[in-house]
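Here's the letter readout for the chains.
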Amino acid sequence: MTPTEPPVTLRYASFGRRIGAALIDGAVLITVVILYEWIGAQSLETAVLSSVLNQLFWVPYVVYAHGRYGQTLGKYARGIRVVRTDGSPLGWPRAWARSAVDIAFGVVILVGAILGASTMSSEEYSALQGWSARSTYRHAHEPAWVDVVTWASFGWVAVESIVMLCNPRRRAVHDYIAGSVVIAEPKPEA
């Protein structure tokens, strides 16, 4: 019989720290979204390209950061990390699983944006003056189901928050899907 190691004691990240990390990540991502919106206002072709690039930035940012480091910039700034429920590193398959629902929403919304752009003419789009007018025009041409999917994605975030508040380990639904928890990193010794 071999001796077993004592179980690892994990300090779970508080709801406040997780929200703080999400706000920091949101600030990073909104900067990119603004850049892509500006690019998208230049022409109809750049609007489609910027929508695709936005997804291609967001997915690697979240999946790569969690798979490689266990944390995004926001989580790093707030001193929290995503790990498996036993405390071991998250790894790639679980990083993908953790973001699967968000990725699915993003892809469906992207398809709607591309379908909407396919119904517009480049001349009409170019004739519009200003970023806001062009953004509104693009949105008006998207299929109606894009709004439903967008609201469903907001509902997903609300459900995630409620679930996180209702369990002692502060696990959101995506943590249950991936078999993960978010922990507070130990403070370095002085």
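Residues numbered from 1 in each chain as written. Predicted model: local features only at pLDDT ≥ 70, side-chain atom pairs only at ≥ 80, totals over all residues. Heavy atoms only, no water.

Broken down by element type, the protein carries eight helices and two strands. For the protein, the α and β elements follow one another from N to C terminus as α-α-α-β-α-α-α-α-α-β. Dimensions of the protein along its principal axes, counting C-alpha atoms only, are 75 × 35 × 30 Å. The buried share among the 190 residues of the protein stands at 37%. (Helix = DSSP H or I, 4+ residues; strand = E, 2+ residues; numbered from the N terminus. Buried < 20%, exposed > 50% of the residue type's maximum accessible area, 1.4 Å probe, protein only.)

In this structure, glutamine 55 sits in helix α2 (residues 44-69). The class of glutamine 55 is buried, set by a relative accessible area of 16%. Setting aside its immediate chain neighbours within four residues, glutamine 55 contacts Pro60, Ile103, Gly106, Val107 and Leu110. (Contact = heavy atoms within 4.5 Å.)

Glancing now at the environment of serine 153. Positionally, serine 153 belongs in helix α7 (residues 145-165). Take serine 153: its relative accessible area is 15%, and that puts it in the buried class. Considered as a pair, serine 153 and isoleucine 109 are 44 residues apart in the sequence and their alpha carbons are 9.8 Å apart.

Ranked by size, the top nonpolar core spans 14 residues in total, and within it Trp58, Val59, Val63, Ile80, Ile103 and Val182 carry the most contacts. For this core, the secondary-structure elements that each account for two or more residues are α1 (15-40), α2, β1 (80-84) and α4 (92-118). For this core, the element with the highest residue contribution is α2, accounting for five residues. Apart from residues lying up to four places away in sequence, valine 182 is in contact with Arg11, Tyr12, Ala13, Arg18, Ile80, Arg81, Val82, Arg98 and Asp175. Residues Ala47, Ala117, Tyr125 and Tyr137 belong to the second largest nonpolar core, which totals six residues. (Core = buried A, V, L, I, M, F, W, Y, C linked by side-chain atoms within 4.5 Å.)

Under the counting rule described, the total for this entry stands at three salt bridges. Between glutamate 185 and arginine 81 there is a salt bridge; the shortest N-O distance is 2.6 Å. Of this pair, glutamate 185 sits in the segment after β2 (180-184) while arginine 81 sits in strand β1, placing them 104 residues apart in sequence. Overall, glutamate 185 belongs to the partly exposed group, its relative accessible area being 24%. The partner of aspartate 175 in a salt bridge is arginine 98, with the nearest N and O atoms 3.0 Å apart. Here aspartate 175 is found in helix α8 (residues 173-178), whereas its partner arginine 98 is found in helix α4, with 77 residues between them in sequence. Grouping residues by exposure puts aspartate 175 and arginine 98 together as buried. One network of salt bridges, with partners in common, ties together Arg18, Arg98 and Asp175. (Salt bridge = Lys/Arg side-chain N within 4 Å of Asp/Glu carboxyl O.)

Right, let's get into a nonpolar patch on the surface. A cluster of nonpolar side chains, contributed by Val107, Val108, Val111, Leu115, Trp145 and Val148, occupies part of the molecular surface with about 480 Å² of accessible area. No other element matches α4, which puts four residues into the nonpolar patch. Position of valine 148 among the secondary structure elements: in helix α7. According to the relative accessible area criterion, valine 148 is exposed, its value standing at 58%. (Patch = residues over 30% accessible without salt bridge, like charges linked within 9 Å, V, L, I, M, F, W, Y side chains within 5 Å. Areas by Shrake-Rupley, 256 points an atom, 1.4 Å probe, with all protein chains shown as cover.)

Bringing the confidence of the model for the protein into the picture now. On average, residues of the protein score 88 in pLDDT, and 94% of them are at 70 or above. The secondary structure element of the protein with the lowest average pLDDT is helix α6 (residues 131-140), at 81, and the one with the highest is α8, at 97. (pLDDT = per-residue confidence, 0-100.)

Moving on to α4. Given 3.6 residues per helical turn, the α-helix brings residues three or four places apart onto the same face. In the structure, α4 departs most strongly from a straight axis at alanine 100, where the bend amounts to approximately 55°. Taken together, the buried positions of α4 are Ala95, Arg98, Ser99, Ile103, Phe105, Gly106, Leu110, Gly112, Ala113, Gly116 and Ala117. (Bend = angle between axes of the 7 residues up to and from the residue.)

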